[in-house]
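Examination of the molecular architecture
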Amino acid sequence: MKDKHVKSDMPSVTISNTELIKDASLKVEAVTDNIIRIHTIPNTPDYNDTSFALEDPLEVKGKFNISQYNSTITASTNTITLKIKTTLEIDIYDKDGYLLCSDCEPANDELDEYTKAEIEQVKQEGHMPDTFDDNIKYKVTKRIFGDEAFYGLGDKTGFLNKRGYEYIMWNSDNPEPHVENATFRALYKSIPFFIVHRSKGTYGIFLDNTYKSHFDLGFSDAGSYSFSVTDGELNYYFIYGESIKEVIKSYTSLTGRSPLPQLWTLGYHQSRWSYMSAKEVLELVDNFENYDIPCDAIHLDIDYMDKFKVFTNDKERFPSLKELSDSLNNHGIKLVTIIDPGVKAEDGYNIYDEGIKYNHFARSKDGTVYHNVVWPGDAVFPNFTSSNTREWWGNNIKYLTDNNISGIWNDMNEPASFKGALPDDVVFAGDDKERLHKEIHNVYGHLMAKATYEGLKKNSQKRPFVITRACYSGSQKYTTAWTGDNQSIWTHLKLAIPQLLNLGLSGMPFAGVDIGGFGSNTTPELLSRWIEACCFSPLFRNHSAKLTHRQEPWAFDETTLNIYRKYVKLHYKFIPYLYDLCYEESLTGLPILRPLIMEYEDDKNVINCNDEYLVGSSILVAPITDQGATVRSVYLPKGVWVDYNSGKRINGNRYILYKAPVDVCPIFIKGGSILPVYPDIPNLAPENTRKLIVEFYPSDDTDNKTNESCYYMHYQDNGTDFKYQAEEYNLYKFSFSSNRPNGLKAELTQNGYKNKYTNISAVIK
Ligand code: MIG
């Protein structure tokens, strides 16, 4: 949230005094050669150009060559050319003069054919026509040429490719089953960024405006797409890239990347709303050990608190959080607690009293502290736009870190409320100025995550582990995310894949869904398929709602338990690979779980691939997500794929039929891959991560001889704190060559971390 312009002495295009935008001018700047910022600047003196998504001031450093001919201004960088008309329409061409992106006239609204009365009548009967009724301040409409696919937009429902659908950015908590209908155009998160993939050329659009916004991707008109804002300024970035990867790198160069996580956070997490006592938690630990299921974290939901008051514990059910975390830690397991933003309004409760005394809560228009109702009953809402309030919140986290709590799970931060929505005009006084709820709503969770990240860092000196339900562009710098209240239904198992993929494409790589489903009741088969489908999920947590069937791994029968164990162990085996992908992500912003289109951009077969994903570029997962199914078709892109279950080599660039009984998840390793793995371990405690196995999957296993040679870079550090920033890490280069007696060569190319592996062994698969 800073004044963005520190360096903008570069040439830019400003158009003012037009009929089209009143009281404002339109400015077009080249942030880099590939990133163009297009924004309106109002003619008001107190305007300050701020962003919640960008941490650092924006540097405008692209070289624009500008010329004008008749009424068209041409502005070129080294990679793209913009033609800007006085009608404010912009055409964008690539280096070859190919028209990538072109503004056009908005299409007519289909609903204009109906009278208001007709629409009202249909609404009264309970049907919801797909209208976006809010007043639109600025709307941009661009042509759909025909070959576009749209990806990203965060956690939205529906499919990988968003073409033909419309979405609303307004963080929303609705526990009904999330499906691709009009009710669920908005979900918990607002990440107003999408990627447009065309057969020749790719670009992204990032609309950095926090007010309610609307995205129509060929929904009301097949020939165009649009995005619009209800208030604030038009402020979007056109991000050109030679590939989807390049677009993501640029987007995350603006909004930031997820820093390296603590290693244990990649392990298995067990949760339920709620584990009701310390005793129940300790029994879980016994069960994990007795049933031989690896586990790294147990989560405490709202009932650990005293009357749902944040930064307290219920003295009867959880007499000592510290003793509980310590006994868990002795088993190598961490304790994570939930925190809601709503603070119980109760005199004598220290958090409330302090917040009132030091003015930390949002206020109504009349100046009084704003109240609503959430879990603790009558509650007030911290004003996270103020750096003082964020610091205060962060300091309160000491209560949790003093009790050796290892991570914080932020819920209800849309913010959700029981007594109607927060009015648009609730006031949040920031460091620079006052803002209203309608501007802050979509960044409330983002700012709470920032406060939590900073508080955890300060109080623990470790890499903060935060999970959030609501977020905005840029939240990836502070927090991981889960997708909120899914249900134990097959549709939601299916939804998990495009949802996690689109989150990754939107810069949120460390994400997960509630495994087994949160609401309603899971079945043994659904739970089995769920742990299989999510077996590479970075956030790997089973969570379920109060009053639903238990869904811990042992809740059903022996068969389910065995399947569950098999896939949790598979996840642990590949954690060194996942951690490498986290390392790569921290440098590039590239997601961990990837849609096939990201690695095979020229392959038309994968444009709409909703039911398969890649882990990095070496592992392909094609889970079963249909009840009763034991066979499915799998598309394998070009190249040789090693069937992980049988070891068989399969030529790609085709569909195969794959038999997968309930204990089998179809997994394929790309021929020629080297993958670092752990032996069988109970959790990620340091003593368990000293041995590494390097697996090599040659494309050709004829007589186990191969003349393929390949290499792989592996990252290792202490997995806990920030010492890696002072070069305390190791980089290994593993290479395989058939000419070598043992095949493997392990070289240390960066040698800063002393606790190296005690043993590295190699296996040819
Ligand atoms: O209104 O804390 O999405 O994961 O278990 C429900 C209780 C509040 C919603 C979260 C869910 C959590 C539940 N919470």
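The shown structure was predicted, so the numbers you read here are calculated from the model rather than taken from an experiment. (Residues numbered from 1 in each chain as written. Predicted model: local features only at pLDDT ≥ 70, side-chain atom pairs only at ≥ 80, totals over all residues. Heavy atoms only, no water.)

**Quick look at the site of the ligand**
The condition that has to hold: Here a residue is near a molecule or strand as soon as one of its heavy atoms is found within 4 Å of it. Any pair of nitrogen or oxygen atoms within 3.5 Å is treated as a polar contact; in protein, a donor-acceptor pairing is required on top of that, and neighbouring residues in sequence qualify only through side-chain atoms on both sides. Exposure was quantified through the Shrake-Rupley algorithm and a 1.4 Å probe, taking into account, for residues, occlusion by the shown protein chains and nothing else. Under the scheme applied, nonpolar residues are Ala, Val, Leu, Ile, Met, Phe, Trp, Tyr, Cys and Pro; charged residues are Asp, Glu, Lys and Arg; polar residues are all the others, including Gly.
Of all residues adjacent to the ligand, which total 13 residues, the nearest are Asp301, Asp411, Arg469, Asp485 and His543. With respect to the ligand, the side chain of Asp301 contributes an N or O atom lying 2.5 Å from an oxygen atom. Here Trp375 contributes a side-chain N or O atom positioned 3.2 Å from an oxygen atom of the ligand. Considered on its own, the ligand offers 350 Å² of accessible surface; in the complex 94% of this is hidden by protein. When grouped by side-chain class, the residues that make up the shell around the ligand number eight nonpolar, one polar and four charged.

**Topic: the packing of aromatic side chains**
By convention here, two paired aromatic rings are described through the distance between centres and the angle between planes. Applicable threshold: Think of it this way: a Phe, Tyr or Trp ring, Trp meaning its six-membered ring, pairs with another when their centres are within 6.5 Å, and the plane angle makes it stacked under 30 degrees, edge-to-face over 60, tilted otherwise. Numbering of helices and strands starts at the N terminus; helices are DSSP runs of H or I of at least 4 residues and strands are runs of E of at least 2. With a 1.4 Å probe rolled over the protein chains alone, any residue whose accessible area is under 20% of its type maximum counts as buried; one over 50% counts as exposed, and the rest are partly exposed. We count a charge as sitting over a ring when the NZ of a lysine or the CZ of an arginine lies within 6 Å of the ring centre and within 35 degrees of the ring normal.
Following the criterion strictly, the structure yields 45 aromatic pairs and no others. Relative to Tyr715, the ring of Tyr583 has its centre 4.0 Å away and its plane inclined at 15°; by these criteria the two rings are stacked. Taken as a pair, Tyr583 in helix α13 (residues 575–588) and Tyr715 in strand β41 (residues 710–716) lie far apart in primary sequence, 132 residues in all. Note on accessibility: Tyr583 and Tyr715 belong to one class, buried. Taken together, the ring pairs connect Phe311, Tyr352, Phe361, Phe384, Trp392, Trp393, Phe428 and Tyr444 into an aromatic cluster. Seen from the ring of Phe722, Lys457 lies directly overhead, with NZ or CZ sitting 4.3 Å from the centre. Its end group placed over the ring of Tyr711, Lys733 keeps NZ or CZ at 4.6 Å from the ring centre.

**Some points on the domain arrangement of the protein**
To be explicit about the condition: For the domains described, the bounds stem from an automatic or database domain assignment. Contact between two residues is taken to exist if any of their heavy atoms lie within 4.5 Å; hydrogens are not considered. Here's the idea: put two parts together, see how much 1.4 Å probe accessible area each one loses, and the total over both is what we call buried area. Only one rule defines a salt bridge in this text: a Lys or Arg side-chain nitrogen within 4 Å of an Asp or Glu carboxyl oxygen.
Examined at the domain level, the protein breaks down into domain 1 (5–102) and domain 2 (110–255). The distance between the C-alpha centroids of domain 1 and domain 2 comes to 22 Å. Contacts between the two partners involve 29 residues from domain 1 and, on the opposite side, 27 residues from domain 2. Roughly 2,400 Å² of surface becomes buried between domain 1 and domain 2 when both sides are summed, with 57% attributable to carbon and sulfur atoms. At the boundary of domain 1 and domain 2, one finds two salt bridges. One salt bridge connects Asp94 with Lys200, and the closest N-O pair in it is separated by 3.1 Å. Across the domain 1-domain 2 interface, the total number found is 14 residue pairs in polar contact (both at pLDDT 80 or more).

**Digging into the pattern of salt bridges**
Any two side chains of opposite charge can pair if their charged atoms end up close together. Per the stated rule, a full pass over the model turns up 49 salt bridges. Lys212 serves as the salt-bridge partner of Asp134, at 3.2 Å between the closest nitrogen and oxygen. You can see Asp134 sitting in the loop between α1 (116–124) and β9 (138–143) and its partner Lys212 sitting in the loop between β13 (202–207) and β14 (213–217), a full 78 residues away along the chain. Given the relative accessible area of 30%, Asp134 is considered partly exposed. In this structure, the salt-bridge partner of Arg185 is Glu166, at a minimum N-O distance of 2.8 Å. Of this pair, Arg185 sits in the loop between β11 (166–169) and β12 (193–197) while Glu166 sits in strand β11, and the two are 19 residues apart along the sequence. By relative accessible area, Glu166 is classed as buried at 7%.

**Quick look at unusual backbone geometry**
Residue Ser274 is reached from Trp273 by a cis peptide bond, and omega for that bond is -10°. Cis peptide bonds are those with omega within 30 degrees of zero, and the linkage from Glu414 to Pro415 qualifies with -5°. As for its placement among the helices and strands, Pro415 is situated in the loop between β23 (407–410) and β24 (427–429). Of note in this structure, Met412 is not a glycine but carries a positive phi near 60°. Assignment of secondary structure puts Met412 in the loop between β23 and β24. Non-glycine residue Gln461 carries a positive phi angle of around 60°. Tracing the sequence through the fold places Gln461 in the loop between α9 (444–460) and β26 (466–468).

**Some thoughts on the nonpolar core**
Note on soluble globular proteins: their nonpolar side chains tend to be buried together. We apply this condition: In this description, a nonpolar core means a group of buried Ala, Val, Leu, Ile, Met, Phe, Trp, Tyr and Cys residues linked to one another through side-chain atoms lying within 4.5 Å.
By size, the foremost hydrophobic cluster in this structure holds 192 residues, and its most contacted members are Ile298, Trp393, Phe536, Val615 and Ile619. Top element by residues in this core is helix α10 (residues 490–505). It accounts for eight residues. In this structure, Ile298 is in contact with Gln270, Tyr275, Val281, Leu284, Val285, Leu328, Ile333, Lys334, Leu335 and Val336, ignoring residues within four places of it in sequence. If you look at the next biggest cluster of nonpolar residues, it comprises 41 residues, including Val13, Val28, Ile90 and Ile144.

**Observations concerning the state of the cysteines**
Going by this rule: Cysteine sulfur pairs qualify as disulfides if the two atoms are within 2.5 Å.
Under the criterion given, the structure shown has zero disulfides. Residue Cys101 stays outside any disulfide, its sulfur separated by 9.6 Å from that of Cys104, the closest cysteine. Since its relative accessible area comes to 0%, Cys101 is described here as buried. Cys582 provides the cysteine sulfur closest to Cys471, a residue in no disulfide bond, and the two sulfurs are 17 Å apart. Cys471 sits in the buried class, given a relative accessible area of 0%.

**A few points about helix α6 (residues 387–396)**
Among all positions in α6, only Thr389, Arg390, Trp392, Trp393, Gly394 and Asn396 are buried. On the buried face of α6, the contacting elements are β19 (334–339), β20 (343–344), α5 (350–357), α7 (398–402) and α9. For α6, the N-terminal capping position is held by Ser386, with its side-chain oxygen 3.2 Å away from the main-chain nitrogen of Asn388.

**Focus: the environment of Val60**
Here Val60 lies in the loop between β3 (35–42) and β4 (65–69). You can call Val60 buried: its relative accessible area is 4%. Note: C-alpha distance between Val60 and Ile195 (135 residues apart in sequence) is 22 Å.

**Thoughts on the sheet that holds β13**
What links the strands of a sheet is backbone hydrogen bonding, and the strands pair in either a parallel or an antiparallel sense. Stated precisely, the cut-off is as follows: Think of it this way: DSSP has to see at least two bridges between two strands before they count as a pair. Lines fitted to C-alpha atoms define the axes, with helix axes restricted to the stretch in contact, and inter-axis angles between N-to-C directions lie between 0 and 180 degrees.
The seven strands lie next to each other as β1-β2-β3-β16-β13-β12-β10, forming an open sheet whose pairing is antiparallel. Either end of the sheet is taken by a strand with one partner, and the two such strands are β1 (13–15) and β10 (149–152). Strand-to-strand twist of the sheet, defined as the mean angle between neighbouring strand axes without regard to direction, takes the value 20°. Here seven bridges tie strand β2 (residues 24–30) to β3, and the two strands are oriented antiparallel to one another. For Val28, the partnering residue across the bridge sits in β3 and is Ile38. The strands touched by helix α2 (residues 244–255) are β3, β10, β12, β13 and β16 (235–241); relative to β16, the strand with the most contacts, the crossing angle is about 140°.

**With respect to the environment of Asn562**
Locating Asn562 in the fold gives a position in helix α12 (residues 558–573). It is 9.3 Å that separates the C-alpha atoms of Asn562 and Ser528, two residues lying 34 residues apart in sequence. One polar contact links Asn562 to Arg565, side chain to side chain, over a distance of 2.8 Å.

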